[in-house]
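Here's the letter readout for the chains.
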Amino acid sequence: MTVNIHDDYEPETNRVRAARRALNAYKVIKAVRADEPERDHEGMPYEPQAWLDWHEHDYQPATRTLNNALDNLELALGDTFPGRHPFNFVPLCQRIITNESWSHA
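Analysis parameters
Residues numbered from 1 in each chain as written. Predicted model: local features only at pLDDT ≥ 70, side-chain atom pairs only at ≥ 80, totals over all residues. Heavy atoms only, no water. Core = buried A, V, L, I, M, F, W, Y, C linked by side-chain atoms within 4.5 Å. Buried < 20%, exposed > 50% of the residue type's maximum accessible area, 1.4 Å probe, protein only. Helix = DSSP H or I, 4+ residues; strand = E, 2+ residues; numbered from the N terminus. Contact = heavy atoms within 4.5 Å. Phe/Tyr/Trp six-rings, centres within 6.5 Å; stacked < 30°, edge-to-face > 60°. Patch = residues over 30% accessible without salt bridge, like charges linked within 9 Å, V, L, I, M, F, W, Y side chains within 5 Å. Areas by Shrake-Rupley, 256 points an atom, 1.4 Å probe, with all protein chains shown as cover. Salt bridge = Lys/Arg side-chain N within 4 Å of Asp/Glu carboxyl O. Lys, Arg positive; Asp, Glu negative; His and termini not counted. Charge placed at Lys NZ, Arg CZ, Asp CG, Glu CD.

Caption draft 1: Layout of the nonpolar core. In this structure, Ala22, Leu66, Leu73, Phe89 and Cys93 are the most contacted members of the largest nonpolar core, which totals 24 residues. Of all the elements in the fold, those that place two or more residues in this core are helix H1 (10–34), helix H2 (48–77) and helix H3 (86–103). Residue contributions to this core peak at nine residues, all from H1. Sequence-distant contacts of Phe89, defined by excluding residues within four places in its chain, comprise Ala22, Tyr26, Leu66, Leu70, Leu73, Pro82, Gly83 and Arg84.

As structure tokens, this is what we get:
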């Protein structure tokens, strides 16, 4: 019988990979939101075409990437997935990555 010593480690690797991707995708969407074209006091963009271009070419792809990363995180964490709000998943991802780095120190 052959025993693969990496069998127990693989789920942790998936968790760490999913946590890193979720944090990176969250950082990207924060940066994209910071680049949103300016709006007037009623919430309407000063330059509607610039806003539409930003929304189509920057915001929507970043949102899709974040949603895919959170789907992967949910698959990796199973029942321990805290939810899609950044206040829930960001601290958990940071802990997962920190614990991984400490285990290899």
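Caption draft 2: View of the packing of aromatic side chains. Counted by the stated rule, this structure contains three aromatic pairs. Their ring planes at 85° and their centres at 5.7 Å tell us that Tyr26 and Phe89 sit as a pair that is edge-to-face. A residue pair is termed long-range when its members are at least 10 positions apart, and Tyr26 in helix H1 and Phe89 in helix H3 qualify at 63 residues. Comparing Tyr26 with Phe89, the two get one shared label, buried.

Caption draft 3: Quick peek at a negative patch on the surface. Together, Asp35, Asp53, Glu56 and Asp58 give the surface a local cluster of negative charge. The residue Glu56 is located in helix H2 in this model. For Glu56, a relative accessible area of 48% gives the class partly exposed.

This is a description of form; function is not addressed.
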